[in-house]
Amino acid sequence: MDVRYAVKKLPEITFAFWVMKVAATTLGETAGDLLAQTLGLGYFLTTVVLVLVFVVTLAVQLRARSYHPFFYWMVILSTSTAGTTISDFMNRDASGKYLAAGTDSLGWGPQGLGLGYPVGAAILSALLVAIFVAWRRSGLPFAIGRIDTLRGETYFWSAILVSNTLGTSMGDFLADSSGLGYAGSALLIVGLLALLLALRYHPAVSNVLLFWLAFVLTRPLGATAGDFLTKPVAKGGLALGTLGSSTILLALLLGLVGYAHARQRRRTGAPGAVEVDTASIGVS
């Protein structure tokens, strides 16, 4: 089959894709904090609600017969938002440092498991490796341009959810516990992404491996950017708050999704026939 013009449900991996990915993951960070902390729903209840939202958006994506930018990016957003609260629930506890001033509880249910960032990251890393091992043993391809079955897409979205949760843990650790602060954390992640970009031109390095490494790393970049937007000036942030930041980021993401949809229709003349950039996704 000619993979350059295939009816597919996943997008091209271009610079625009990564811009939208960072926007979606940053919104996932601010929206998750908005629900769990600002609105006081708590990590447990918010996680339950957001996992259900993820299931609904995933069901819509899986039932679609071709690539639709809105469906795809809503699943990315739901995994980012759910990943934020799943990570917070795993890593945090009921101690005062995670609660707003003057409060002694956060929402209904347990406040968090209190595993801490290193243990939480280890668990999530092991889970992500298990997904990739099962995916590998299934014989289904890893490259996005070749994922064209329900089973393959299920592996893909499972890895996306876990990688976004892992990336949240990494971002929170870098921003809160590493001593680097928001700017230092962002510079470190950007430096690592630049290294991956350089490795893309090395013939011995798999583009598929680079994609997944970049996908994980863009999540802590979004988490750090979200913290920078929402946290008080005294802590090195812009103090836009979770509501203000989420509103701005949602408008940005919707604008980018609208642009992606219009661009796709101009290039193909049909919603489902998407030209695949084989060089950028390593399908050869």
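This text goes with the structure placed above it.
Quick caveat, the model's predicted, so the values are computed rather than measured. (Residues numbered from 1 in each chain as written. Predicted model: local features only at pLDDT ≥ 70, side-chain atom pairs only at ≥ 80, totals over all residues. Heavy atoms only, no water.)

**Student:** What is the right way to look at the overall build of the chain in this model?
**Tutor:** Looking only at helices and strands, the chain has 9 helices and 2 strands in total. Sequence-ordered secondary structure for the chain, helices as α and strands as β, is β-α-α-α-α-α-α-α-α-β-α. A burial count over the chain gives 48% of its 284 residues as buried. (Helix = DSSP H or I, 4+ residues; strand = E, 2+ residues; numbered from the N terminus. Buried < 20%, exposed > 50% of the residue type's maximum accessible area, 1.4 Å probe, protein only.)

**Student:** Just checking my understanding: could you explain the layout of surface pockets for this structure?
**Tutor:** A water-sized probe, rolled over the atoms, reveals where empty space remains. The calculated volume of the second largest pocket comes to roughly 560 Å³. Forming the walls of the second largest pocket are 20 residues, and the residues nearest its centre are Trp18, Leu193, Leu197, Arg200 and Ala214. Contributions of two or more residues to the lining of the second largest pocket are made by helix 1 (15-38), helix 6 (181-199) and helix 7 (207-230). Element by element, the count of residues in the lining of the second largest pocket is highest for helix 7, at 6 residues. Grouping the amino acids of the lining of the second largest pocket by side-chain chemistry returns 14 nonpolar, 4 polar and 2 charged. (1 Å grid on protein atoms, 1.4 Å probe; cavity = no way out; pocket = protein on both sides within 12 Å on 5 of 7 lines; lining within 4 Å. Points joined across faces, edges and corners; volume = space filled by probe spheres on them. Nonpolar A, V, L, I, M, F, W, Y, C, P; charged D, E, K, R; others polar.)

**Student:** What is the right way to look at the packing of helix 3 (residues 69-91) against helix 5 (residues 150-177) in this model?
**Tutor:** A packed helix pair is summarised by two numbers, namely the angle formed by the two axes and the spacing between the axes. Contact geometry for helix 3 and helix 5: axes closest at 8 Å, N-to-C directions at 50°. With respect to helix 5, the element helix 3 is oriented oblique. Two packed elements cross with a definite hand, and for helix 3 against helix 5 that hand is right-handed. For the pair helix 3 and helix 5, the contacting residues are Tyr72, Val75, Ile76, Thr79, Ser80, Ala82, Gly83, Thr84, Ile86, Ser87, Asp88 and Asn91 in the first and Phe156, Trp157, Ile160, Leu161, Asn164, Thr165, Thr168, Ser169 and Asp172 in the second. Residue composition of the contact of helix 3 with helix 5, by class: 9 nonpolar, 10 polar and 2 charged. (Axes fitted to C-alpha atoms, helices over the stretch in contact; angles between N-to-C directions. Parallel < 35°, antiparallel > 145°, perpendicular 65-115°, else oblique. Left-handed = near helix turned anticlockwise from the far one by under 90°. Contact = heavy atoms within 4.5 Å.)

**Student:** Which parts of the structure should I look at to understand the pattern of salt bridges?
**Tutor:** Where charged atoms from two side chains of opposite charge approach closely, those side chains can pair. For the structure on display, the rule yields 2 salt bridges. Between Glu29 and Arg219 there is a salt bridge; the shortest N-O distance is 3.5 Å. Of this pair, Glu29 sits in helix 1 while Arg219 sits in helix 7, and the two are 190 residues apart along the sequence. The partner of Asp88 in a salt bridge is Arg92, with the nearest N and O atoms 3.6 Å apart. You'll find Asp88 and Arg92 in the same group, each marked buried. (Salt bridge = Lys/Arg side-chain N within 4 Å of Asp/Glu carboxyl O.)

**Student:** I would appreciate a short explanation of the nonpolar core in the present structure.
**Tutor:** Most often, soluble globular proteins keep nonpolar side chains buried together rather than apart. Judged by nonpolar contacts, the single largest core of 50 residues is most densely connected at Tyr72, Trp73, Ile76, Trp135, Phe156, Trp157 and Trp212. Those elements giving two or more residues to this core turn out to be helix 1, helix 2 (43-63), helix 3, helix 4 (117-138), helix 5, helix 7 and helix 8 (241-268). If one sorts the elements of this core by residue count, helix 3 sits on top with 9 residues. In this view, Trp212 contacts Phe132, Trp135, Phe142, Phe156, Ala159 and Ile160; residues no more than four positions away in its chain are not counted. (Core = buried A, V, L, I, M, F, W, Y, C linked by side-chain atoms within 4.5 Å.)

**Student:** Would you explain unusual backbone geometry in this entry?
**Tutor:** Of all residues except glycine, most have a negative phi; of all peptide bonds, most are trans. Unlike most non-glycine residues, Ala239 shows phi in positive territory, near 60°. As for its placement among the helices and strands, Ala239 is situated in the loop between helix 7 and helix 8.

**Student:** For this particular structure, what's the right way to read helix 6?
**Tutor:** Since the α-helix advances by 3.6 residues per turn, residues separated by three or four positions end up pointing in the same direction. In this model, helix 6 (19 residues) spans 27 Å end to end at C-alpha, consistent with the 27 Å of a helix rising 1.5 Å per residue. Taken residue by residue, helix 6 has Tyr182, Ser185, Ile189, Leu193 and Leu196 as its buried positions. Down the axis of helix 6, the sector holding all buried residues measures 75°, keeping them to one side. Those residues of helix 6 that are exposed and angled more than 90 degrees off the buried face are Ala183 and Leu187. Structurally, helix 6 contributes buried residues whose contacts are with helix 5 and helix 7. (Expected span 1.5 Å × (residues − 1). Arc of directions from axis to C-beta.)

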